[in-house]
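# Observations on the three-dimensional arrangement
Residues per chain are reported as follows:
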Amino acid sequence: MRKLNTIWANATDSQWNNWRWQLKNRIATVAQLRQVVTLSDNEEQEIEQCLKIFPMAITPHYASIMSDSESDCPIRMQAVPDIQEISFRDCDMEDPLHESLDSPVPGITHRYPDRILFLVTDQCAVYCRHCTRRRIAQRGQQVLQYKHIEPAIEYINSRKAVRDVLVSGGDPLTLPDEKLEYILMRLRAIKHVEIIRIGSRIPVVLPQRITRSLCKMLKKYHPLWLNTHFNHPREIVPESIEACTRLADAGIPVGNQSVLLKGINDSPYIMKELVQGLVKNRIRPYYIYQCDLSAGTGHFRTAVGKGIEIYENLRGHTSGLAVPTFVIDAPGGGGKIPLFPNYVVSRSDRKIVLRNFEGNLYTYTEPEDLSVYKGKTCTAGNNKTPTGVAGLLHPKTRG
Ligand SMILES: *Cc1c(COP(=O)(O)O)cnc(C)c1O
């Protein structure tokens, strides 16, 4: 994918394929950007203005898959600043998901009973223009330092209910192997931590980072899962495929979380091509997010109905494996809330009328015997009364 007519014309293959070289040679200024894509004088000035507020960083790899002429190229729109970024909207927030506000120790957000979000770095390979954590990755508001690792691990160690740790950032794969391994080793040593998940866009924006030695290290800490972030089928190129294949071959199930972005992927056709391209490469579409209300991302937001329409175009029309869940991460820290088209058309005490993806109606007759499971033979778990709406449904809960 390397283009030879650019500022990197003199780079050797071994430089190009080296992730540290890629990081060192990122595009961060208009002068560098100008050598890779066509910019009008006006665009140059606008980008300069944006850079005063939010920085830019584009790896040579990600720049190489960008169109040099179309300003609406979906790769370019995710990486090159747009003047609309600095006209904030009333609903914009620094920390829309209350991750820092709801944080018991720096780097930790403990929103759900059995799992935790652990931000281990504020560094990223590319600064996505739609970033939900730009307060951290692009503004250094809560600068995550390595000294925060110990108290965070201590916290996880003290919470016996935490069985799933989501290591994110920033991008955790920007850390050198040794630092990342130290964190994984410490987490793996905690008895109640059953699974570790890594959230990283590196396979898409810096695939050279997914080296054989990284995979060899990661596989020592199984069960380990990784969720990455492809937003457009054009990001599925030989390099990113190779990175994900290496991860999958190391036994790491790879999932994908996309963000719905206006003018980039807010089309059922593009999304279908994306999810099918992902499963073809053993990447499981996990979530499609409604774009968060983070500062300066208003121009990317789509109507909520667009996500429902995309789901309608996938469910039944393609492999169930390729259908992600559409979610809104609730502003103010409510967590992820899934949204679906309505499939229940009507119901009585004995029947439920459903519609399928073709719009045909079907009736399912419910059982006559509605006596409930008494749980006498159930030995799983500790039978604690659940919390939340599940708790309201519990037979012992009074309304
Ligand atoms: C997304 C998220 C999780 C993980 O949610 P899943 O639905 O289990 O993938 C955990 N904690 C926080 C704070 C999150 O934002």
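Residues numbered from 1 in each chain as written. Predicted model: local features only at pLDDT ≥ 70, side-chain atom pairs only at ≥ 80, totals over all residues. Heavy atoms only, no water.

## Remarks on helix 8 (residues 149–158)
- Of the positions making up helix 8, those classed as buried are Ile 149, Ala 152, Ile 153, Tyr 155 and Ile 156. Buried residues along helix 8 cover an arc of 155° about the axis, so they all sit on one side.
- Its buried side turned inward, helix 8 meets strand 1 (108–112), strand 2 (115–119), strand 3 (164–168) and helix 9 (177–188). (Buried < 20%, exposed > 50% of the residue type's maximum accessible area, 1.4 Å probe, protein only. Helix = DSSP H or I, 4+ residues; strand = E, 2+ residues; numbered from the N terminus. Arc of directions from axis to C-beta. Contact = heavy atoms within 4.5 Å.)

## Observations concerning the layout of surface pockets
- Of the volumes computed, that of the largest pocket is approximately 1,100 Å³.
- Along the walls of the largest pocket sit 48 residues, with Thr 132, Arg 133, Ser 168, Gln 257 and Tyr 289 positioned nearest its centre.
- Here the residues of the lining of the largest pocket are counted per class, giving 21 nonpolar, 17 polar and 10 charged. (1 Å grid on protein atoms, 1.4 Å probe; cavity = no way out; pocket = protein on both sides within 12 Å on 5 of 7 lines; lining within 4 Å. Points joined across faces, edges and corners; volume = space filled by probe spheres on them. Nonpolar A, V, L, I, M, F, W, Y, C, P; charged D, E, K, R; others polar.)

## Describing the sheet that holds strand 1
- With respect to topology, nine strands assemble into an open sheet ordered 1-2-3-4-5-6-7-8-9, the strand pairing being mixed. Each edge of the open sheet is held by one strand with a lone partner, namely strand 1 and strand 9 (335–338). Here the strands of the sheet are splayed against their neighbours by 30° on average, with no regard to which way each runs.
- In the packing of helix 9 onto the sheet, the strands contacted are strand 2, strand 3, strand 4 (195–199) and strand 5 (224–228), and the crossing angle to strand 4 comes to about 155°. (Pairing = 2+ DSSP bridges. Axes fitted to C-alpha atoms, helices over the stretch in contact; angles between N-to-C directions.)

## A closer look at the pairing of strand 11 (residues 351–355)
- Taken together, the three bridges between strand 10 (residues 344–347) and strand 11 define a ladder with antiparallel strand orientation. Looking at the pairing, Ser 346 lines up with Val 353 of strand 11.
- Joining the antiparallel neighbours strand 10 and strand 11 is a turn of three residues.
- Strand direction decides the pairing type here: strand 11 and strand 12 (residues 361–365), joined by five bridges, are antiparallel.

## As for the environment of Gly 359
- By secondary structure assignment, the location of Gly 359 is in the loop between strand 11 and strand 12.
- Take Gly 359: its relative accessible area is 45%, and that puts it in the partly exposed class.

## Details of the domain arrangement of the chain
- What the domain assignment lists for the chain is domain 1 (13–83), domain 2 (108–338) and domain 3 (344–393).
- Of note, the centres of domain 2 and domain 3, computed from C-alpha atoms alone, are 32 Å apart. (Domains from an automatic or database assignment.)

## Some remarks on the packing of helix 13 (residues 268–280) against helix 14 (residues 304–314)
- Contact geometry of helix 13 with helix 14 gives a least axis separation of 9 Å together with a crossing angle of 55°. Accordingly, the angle class assigned to the pair helix 13 and helix 14 is oblique. Crossing geometry of helix 13 relative to helix 14 is assigned as right-handed. Contacts between helix 13 and helix 14 involve Pro 268, Met 271, Lys 272 and Val 275 on the former and, on the latter, Glu 309, Ile 310, Asn 313 and Leu 314. (Parallel < 35°, antiparallel > 145°, perpendicular 65-115°, else oblique. Left-handed = near helix turned anticlockwise from the far one by under 90°.)

## Some details on the sheet that holds strand 12
- Ordered in space as 10-11-12, the three strands form an open sheet in which the pairing is antiparallel. Every other strand in the sheet has two partners, leaving strand 10 and strand 12 as the edge strands with one partner each. In this sheet, adjacent strand axes meet at a mean angle of 20° when their direction is disregarded.

## Thoughts on the site of the ligand
- Near the ligand you find Thr 109, Arg 111, Tyr 112, Arg 115, Leu 117, Leu 166, Arg 197, Tyr 286, Tyr 287 and Lys 336, and these make up its full shell.
- Taking Tyr 286, its side chain carries an N or O atom lying 2.6 Å from an oxygen atom of the ligand.
- For the ligand, the accessible surface in isolation is 390 Å², of which the surrounding protein chains cover 90%.
- Taking a 2 Å distance to the grid points as the criterion, the majority of the atoms of the ligand fall inside the largest pocket.
- Contributions of two or more residues to the shell around the ligand are made by strand 1, strand 2 and strand 7 (283–289).
- Here the shell around the ligand takes three residues from strand 1, the largest share from any one element. (Near = heavy atom within 4 Å. Polar contact = N/O pair within 3.5 Å; in protein donor to acceptor, adjacent residues only side chain to side chain. Areas by Shrake-Rupley, 256 points an atom, 1.4 Å probe, with all protein chains shown as cover. Sits in = over half its atoms within 2 Å of the grid points.)

## Some points on the packing of aromatic side chains
- Enumeration over the complete set of coordinates arrives at six aromatic pairs.
- Taken together, a centroid distance of 5.6 Å and an interplanar angle of 65° make the contact between Tyr 287 and Tyr 289 edge-to-face.
- When its relative accessible area of 17% is taken as the criterion, Tyr 287 is described as buried.
- With a centroid separation of 5.4 Å and an interplanar angle of 85°, the aromatic rings of Tyr 311 and Phe 340 are classed as edge-to-face. Linking Tyr 311 in helix 14 with Phe 340 in the loop between strand 9 and strand 10, this pair joins segments that are 29 residues apart in sequence.
- Residue Phe 340 is classed as partly exposed on the basis of its relative accessible area, which comes to 40%.
- Directly above the ring of Tyr 112 sits Arg 115, whose terminal nitrogen or CZ lies 4.0 Å from the centroid. (Phe/Tyr/Trp six-rings, centres within 6.5 Å; stacked < 30°, edge-to-face > 60°. Lys NZ or Arg CZ within 6 Å of the ring centre and 35° of its normal.)

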